[in-house]
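So the chains spell out like this:
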Amino acid sequence: MAPRIGVVVFPGTNCEHDVVLATERLGGRGELLWHGDTSLGDVDAVVLPGGFAHGDYLRPGALARFSPIMEAVTRFARSGGPVVGICNGFQVLTEAGLLPGALQKNGRLRFLCQPTRLRVTSTASVLTGLAELGEELVIPINHFSGSYTCDADTLRALQEGDRVVLRYTDNPNGSVDDIAGIANEAGNVVGLMPHPERASDALLGSEDGVVLLRSLLGAATARAAAAA
């Protein structure tokens, strides 16, 4: 049976259908989940996609963290369920306390929309489990507040815990330690600023996001099998 990927939609989300299409092309089954829902249903993984949840008022993700569905997402994550936040979804995960640190405005206050080269720096996560350590991927970014920041102790914990899963090879936004994506301690919650769903077909200019999406689908399949 195809793994079921729940894709959360907040008011202002605009990448949900991209994620659904990309996962379904790889054999998954995408299901849209409204931010006002209180249950995730029977999904095997959750994606918080890109966009501008609640118009990014106050700051990106600050209002979305209070949406009713986030309680269900938190329970799912704490039970070991695979959760991935892409771009705005990464911002929501940090605001909700599911990942440490924060995303601030890009260096030189520039909105960035461009292909970006990344290096896989950890395979100990649900998003990078099928990638090769050191593998380089070209995946686009599309953000204004994508510069990852955290205090020195948090950065040390991320580095020592093998939790920095992706780094920019040529840092475009000023992120500390060139960080493009991080995981929680268990590796089942991952946030990244680049959009793998936008690099999932040759017509899009790159298929480098496929290995990340396949990793997520693999984790979702394992979750489903364990629950069977």
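Calculation rules
Residues numbered from 1 in each chain as written. Predicted model: local features only at pLDDT ≥ 70, side-chain atom pairs only at ≥ 80, totals over all residues. Heavy atoms only, no water. Pairing = 2+ DSSP bridges. Helix = DSSP H or I, 4+ residues; strand = E, 2+ residues; numbered from the N terminus. Salt bridge = Lys/Arg side-chain N within 4 Å of Asp/Glu carboxyl O. Buried < 20%, exposed > 50% of the residue type's maximum accessible area, 1.4 Å probe, protein only.

S.K.: Even after reading the chapter, I still don't get the pairing of strand β6 (residues 112-120), so can you show me in this structure?
M.R.: Working note: regular strand, side chains alternate between the two faces of the sheet. Bridge count between β6 and strand β7 (residues 136-143): 8 bridges; the pairing is antiparallel. Opposite Thr116, over in β7, you have Ile139 as the bridge partner. In this sheet, strand β9 (residues 164-168) lies alongside β6 in antiparallel orientation, the contact comprising 3 bridges. Paired with Arg119 across the strands is Arg167, a residue of β9.

S.K.: What's the story with the pattern of salt bridges in this structure? I'm lost.
M.R.: Going through the model one piece at a time under the given rule, you end up with 8 salt bridges. The salt bridge partner of Arg29 is Glu31, with a shortest N-O separation of 3.5 Å. Assessed through its relative accessible area of 17%, Glu31 is described here as buried. Here Glu136 and Arg119 are joined by a salt bridge, their closest N and O atoms 2.8 Å apart. With Glu136 in strand β7 and Arg119 in strand β6, the pair connects residues that are 17 residues apart, well separated along the chain. Residue class for Arg119 comes out partly exposed when judged on its relative accessible area of 33%. One connected set of salt bridges, linked through shared partners, spans Arg4, Arg29 and Glu31.

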